[in-house]
Amino acid sequence: MKPFFFLKVRKGNNYQIFNPVDNRDYELNYIGYRILEHCDGGHELQEIADHIAKDFGLANPESLDYVNVFLDDLSRLGMIAWRQEKFEYYRNWAAPSTVFWDITCECNLRCAHCYNFNGTRQESELSAGEVKRTLQEMSAFGVKSISFSGGEPFMRKDMLEIVHHAAGLRFDSVGVSTNGILLDRDTVEQLGAAKLNIQISIDGDDAKTHDMARGAKGAFDGAIRSIRLLLEEGVNTSVCTTATTLNVDRIPNIIQLMDDLGVKNYRVQGVVPMGRGKMNAGDIRLSPGRMKELVEYLENRKIQVSSYNMTLKPPPTDPVNFCDSGVCSAASSVCSITPEGNVVPCTYFWGLNGENLRDHTFQWIWENSAILNYFRSVRLNDIKGLCRDCKWLLACHGGCKAENYSNGDMFESSRSCWVAEEIRQSIGGRR
């Protein structure tokens, strides 16, 4: 088995790793740092131990024991992935269809489910000039769609400058996901003129429910006001609800509210427990059984939901080819950019050690990034636990890798899928 280290080591007076799985910093000694240099998805344990033995004058059995214990600790913390095969580089991979760009960390809300647990602007965030240069690179490379998010995108004073620049390039669509609080009529008119797609988040059918989920009074009134302004201006407007224990019983009322407002494009998503969502997961995350009930209801209403709804249909009948891809569209047809310019497989993997746009062009990163190519190399054969033998494996590939990663191992059985949970309970909670 070959270990792959996902995260970035910060070097100062010592060596530190920030782990987004548990939102904690960890210190390393120099030997640990050197071990992680060899955890590149291409070396077996013995090879890594041989390097450490040579560099630090250790006996080989002692070195192997040290490496084993060290990597076992980091694996339990979710910092290491293990695969049997060495990952490949795909040099001529087609440009992504969509890039999701968290344009700032700064936010005027503190949502209970958010993967951005900070909410304050970072000094290292890309400037407008750097953003526009990268947009030109992506347009020339063939990226079809851009979707800006945050934080709250409109906390940036130059956000309209950025979206107008994007709208003038050769993208099929440019979108912005926002909480809506900062939109006024003039801003909405400019968004309409640029023909942008705007998504507003609504997590309640009244101020009490929405504001509780969003962590600020007035959030609901601001969001509803913006939806009305956008629809009046003819802007292509959608609404998304994150289903939690705070609002799941109110979703039928939210749907009715959207109908009353004239919203045509509405969807629901679950919680991926990263950042603040990880800290609050025990209180807000729906159980697999409750999520199933919600999805069945939404399916009957023909409302889009990000979930395991394929298990409501008969499973695939084709035999499983374990050499087939074992991930979703992350790093394949989509990717994400963090506020400081790191390119990562998807939004929820913001903490991974992606290549930075200040160092390379977007196309170079897309083709050469170790993180992105590692994800492209994942196969169904890497899936472990209950999901490996599940009859829906061909349909879901073992579930959302970001969600599994937030639980410590992106190849392990999903903790949100109701099929996996039913099997887990039937065998006494194991696996």
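About the criteria used
- Residues numbered from 1 in each chain as written.
- Predicted model: local features only at pLDDT ≥ 70, side-chain atom pairs only at ≥ 80, totals over all residues.
- Heavy atoms only, no water.
- Buried < 20%, exposed > 50% of the residue type's maximum accessible area, 1.4 Å probe, protein only.
- Helix = DSSP H or I, 4+ residues; strand = E, 2+ residues; numbered from the N terminus.
- Arc of directions from axis to C-beta.
- Contact = heavy atoms within 4.5 Å.
- Pairing = 2+ DSSP bridges.
- Axes fitted to C-alpha atoms, helices over the stretch in contact; angles between N-to-C directions.
- Salt bridge = Lys/Arg side-chain N within 4 Å of Asp/Glu carboxyl O.
- Right-handed = clockwise from strand over helix to strand, strands pointing away.
- Phe/Tyr/Trp six-rings, centres within 6.5 Å; stacked < 30°, edge-to-face > 60°.
- Disulfide = S-S within 2.5 Å.
- Parallel < 35°, antiparallel > 145°, perpendicular 65-115°, else oblique.
- Left-handed = near helix turned anticlockwise from the far one by under 90°.
- Nonpolar A, V, L, I, M, F, W, Y, C, P; charged D, E, K, R; others polar.
- Core = buried A, V, L, I, M, F, W, Y, C linked by side-chain atoms within 4.5 Å.

Participant: Before we move on, could you go through helix α5 (residues 159–167) and cite the residues and values that matter?
Facilitator: Three or more residues of α5 are buried, namely Met159, Leu160, Ile162, Val163 and Ala166. All buried residues of α5 project into a common sector of 160° when viewed along the axis, lining one side. Looking at the packing, one finds that the buried side of α5 touches α4 (128–141), β7 (145–149), β8 (173–178) and α6 (185–193).

Participant: Tell me what's going on with the sheet that holds strand β2 (residues 9–11), and back it up with residues and numbers.
Facilitator: Adjacent strands of a sheet form backbone hydrogen bonds with each other and so pair up, either parallel or antiparallel. With antiparallel pairing, the 3 strands of this open sheet are ordered in space as β2-β3-β4. Only two strands of the sheet have a single neighbouring strand rather than two, namely β2 and β4 (24–28). Strand after strand, the sheet turns through a mean of 30° between neighbouring axes, direction not considered. In the sheet, β2 pairs with strand β3 (residues 15–19) via 3 bridges, with the strands oriented antiparallel.

Participant: Any chance you could break down the side chain of Ser177 for me, citing the residues and the numbers?
Facilitator: Relative to the helices and strands, Ser177 resides in strand β8. Ignoring any residue separated from it by four or fewer positions in sequence, one finds Ser177 in contact with Ser147, Phe148, Ser149, Pro153 and Gln199.

Participant: Would you mind going over the pattern of salt bridges in detail, with residue names and values included?
Facilitator: Applying the stated criterion to the full structure yields 23 salt bridges. Across the salt bridge formed by Glu403 and Arg285, the nearest N and O atoms sit 2.7 Å from each other. Of this pair, Glu403 sits in helix α17 (residues 401–406) while Arg285 sits in the loop between α11 (281–284) and α12 (288–300), and the two are 118 residues apart along the sequence.

Participant: Break down the pairing of β7 for me, with residues and values.
Facilitator: Along β7, 5 of the 5 residues are buried, which leaves the element largely enclosed by surrounding structure. Burial of β7 is two-sided: the residues Ser145, Ser147 and Ser149 facing one way and the residues Ile146 and Phe148 facing the other way are all buried. Judged from the 5 bridges that link them, strand β6 (residues 98–102) and β7 form a sheet pairing that is parallel. Residue Val99 lies in a different strand from β7, and its bridge partner there is Ile146. Read as a crossover between parallel neighbours, the route from β6 over α4 to β7 is right-handed. Inspection of the sheet shows β7 paired to β8 by 4 bridges, in the parallel sense. What sits directly across from Ser147, in β8, is Gly175. Between β7 and its parallel partner β8, the chain crosses via α5, and the hand of that crossover is right-handed.

Participant: I'd love a proper account of the packing of aromatic side chains, names of residues and values included.
Facilitator: As enumerated under the stated definition, the model contains 21 aromatic pairs in all. A centroid spacing of 5.8 Å and a plane angle of 70° characterise the contact between Tyr30 and Phe56, whose relative ring orientation is edge-to-face. Of this pair, Tyr30 sits in helix α1 (residues 30–37) while Phe56 sits in helix α2 (residues 45–56), and the two are 26 residues apart along the sequence. Arranged with centres 5.1 Å apart and planes meeting at 70°, the rings of Tyr90 and Trp93 form a pair that is edge-to-face. Take Trp93: its relative accessible area is 26%, and that puts it in the partly exposed class. Here the aromatic cluster, defined as three or more aromatic residues joined through ring pairs, consists of Phe4, Phe6, Phe87, Tyr89, Phe349, Tyr374, Phe375 and Tyr405.

Participant: Can you explain the state of the cysteines? Please cite residues and give values.
Facilitator: Across all of its chains, the model carries 0 disulfides by this definition. Looking at the unpaired Cys105, the closest cysteine sulfur is the one in Cys114, lying at 9.5 Å.

Participant: So, the packing of α4 against α5: which residues are in play, and what are the values?
Facilitator: Relative orientation of the contacting elements α4 and α5 amounts to 15°, with a least axis distance of 10 Å. Compared by their axis directions, α4 and α5 come out roughly parallel. As α4 packs across α5, the resulting crossing turns out to be right-handed. Together, Ala128, Val131, Lys132, Leu135 and Gln136 of α4 and Glu161, Ile162, His165 and Ala166 of α5 make up the contact between the two elements. Class assignment of the residues belonging to the contact of α4 with α5 gives a composition of 5 nonpolar, 2 polar and 2 charged.

Participant: With reference to specific residues and values, describe the environment of Ile371.
Facilitator: Secondary-structure assignment places Ile371 in helix α14 (residues 370–377). Sequence-wise, Ile371 and Ser307 are 64 residues apart; in three dimensions their C-alpha atoms are separated by 25 Å.

Participant: Describe the packing of helix α9 (residues 251–261) against α12, listing the residues and the values that go with them.
Facilitator: Angle between the axes and distance between the axes are the two parameters that describe a pair of packed helices. Following both chains from N to C, one finds α9 and α12 inclined at 30°, their axes separated by 12 Å at the closest point. Relative to α12, the element α9 is oriented roughly parallel. Where α9 crosses over α12, the two elements pack in a sense that is right-handed. For the pair α9 and α12, contact is made by Ile251, Pro252 and Ile255 and by Leu294, Tyr297 and Leu298, respectively. A breakdown of the residues in the contact of α9 with α12 according to their chemical character gives 6 nonpolar, no polar and no charged.

Participant: Got a sec to walk through the nonpolar core? Specific residues and values, please.
Facilitator: Judged by nonpolar contacts, the single largest core of 114 residues is most densely connected at Phe6, Leu36, Phe148 and Phe362. Formed by 5 residues, the second largest nonpolar core is a distinct cluster that contains Cys107, Leu109, Cys111 and Ala219.

In short, geometric facts, not functional conclusions.
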